[in-house]
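A look at the structure
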Amino acid sequence: MENLVTIIHVIACLGVIGLVLMQHGKGADMGAAFGSGSSGSLFGVSGSSNFLSRTTAIFVLVFFLTSISLAFIAGQKSGTGSVVKETESSEGQKSSETKSSEAQSNSSSGAQNIPK
């Protein structure tokens, strides 16, 4: 399920990027008034604004829904415990293992406890 939502999310992301890059800005009409012949686009002079803006809105809606879905899925996967408590307990285990290994090596070699 998560893989399907991720694939849809990536497709929606690429769709939004492509559609935003295809649209012309509001200042593009002013450039056409001064003789730039690029005012007529693939969809005509004003025909692209409705189609592209509606399609962009649909892709943005899908993008937000998949973002929320992925956040919800990630929240369900993780445990309800505290990350800080897990970190403290793992550090405590590591320090106790280190102390026991140092004591074992000192006792086996007959070395004196010299402060470091």
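Residues numbered from 1 in each chain as written. Predicted model: local features only at pLDDT ≥ 70, side-chain atom pairs only at ≥ 80, totals over all residues. Heavy atoms only, no water.

A closer look at the overall build of the protein chain
Helix and strand counts for the protein chain come out as four helices and zero strands. Counting the 116 residues in the protein chain, one finds 9% classified as buried. Considering only intrachain contacts with a sequence separation of at least 6, the fraction spanning at least 24 residues in the protein chain is 80%. (Helix = DSSP H or I, 4+ residues; strand = E, 2+ residues; numbered from the N terminus. Buried < 20%, exposed > 50% of the residue type's maximum accessible area, 1.4 Å probe, protein only. Contact = heavy atoms within 4.5 Å.)

Some points on the pattern of salt bridges
Pairing between side chains of opposite charge can happen when the charged atoms of each approach one another. The final tally for this structure, using the stated rule, is one salt bridge. Glu2 serves as the salt-bridge partner of Lys77, at 2.5 Å between the closest nitrogen and oxygen. Separated by 75 residues along the polypeptide, Lys77 in helix H3 (residues 47-77) and Glu2 in helix H1 (residues 2-22) bring together distant segments of the chain. (Salt bridge = Lys/Arg side-chain N within 4 Å of Asp/Glu carboxyl O.)

What to know about a nonpolar patch on the surface
A cluster of nonpolar residues, Val10, Leu14, Ile17 and Leu21, forms a patch on the protein surface that exposes about 410 Å² of accessible area. Relative to the helices and strands, Leu14 is located in helix H1. When its relative accessible area of 56% is taken as the criterion, Leu14 is described as exposed. (Patch = residues over 30% accessible without salt bridge, like charges linked within 9 Å, V, L, I, M, F, W, Y side chains within 5 Å. Areas by Shrake-Rupley, 256 points an atom, 1.4 Å probe, with all protein chains shown as cover.)

Quick look at H1
Relative to the 30 Å expected for 21 residues at 1.5 Å per residue, H1 spans 30 Å between its end C-alpha atoms, a close match to the ideal helical length. Residues Val5, His9, Ala12, Gly15, Val16 and Leu19 constitute the buried set of H1. Down the axis of H1, the smallest arc covering the buried residues is 130°, so these residues share one side. With respect to the buried face of H1, the exposed residues turned more than 90 degrees away are Asn3, Ile11, Leu14 and Leu21. (Expected span 1.5 Å × (residues − 1). Arc of directions from axis to C-beta.)

Notes on the confidence of the model for the protein chain
Mean pLDDT over the protein chain stands at 76; residues scoring 70 or higher make up 54%. Looking across the protein chain, the model is least confident in helix H2 (residues 28-33), with a mean pLDDT of 59, and most confident in H1, with 95. (pLDDT = per-residue confidence, 0-100.)

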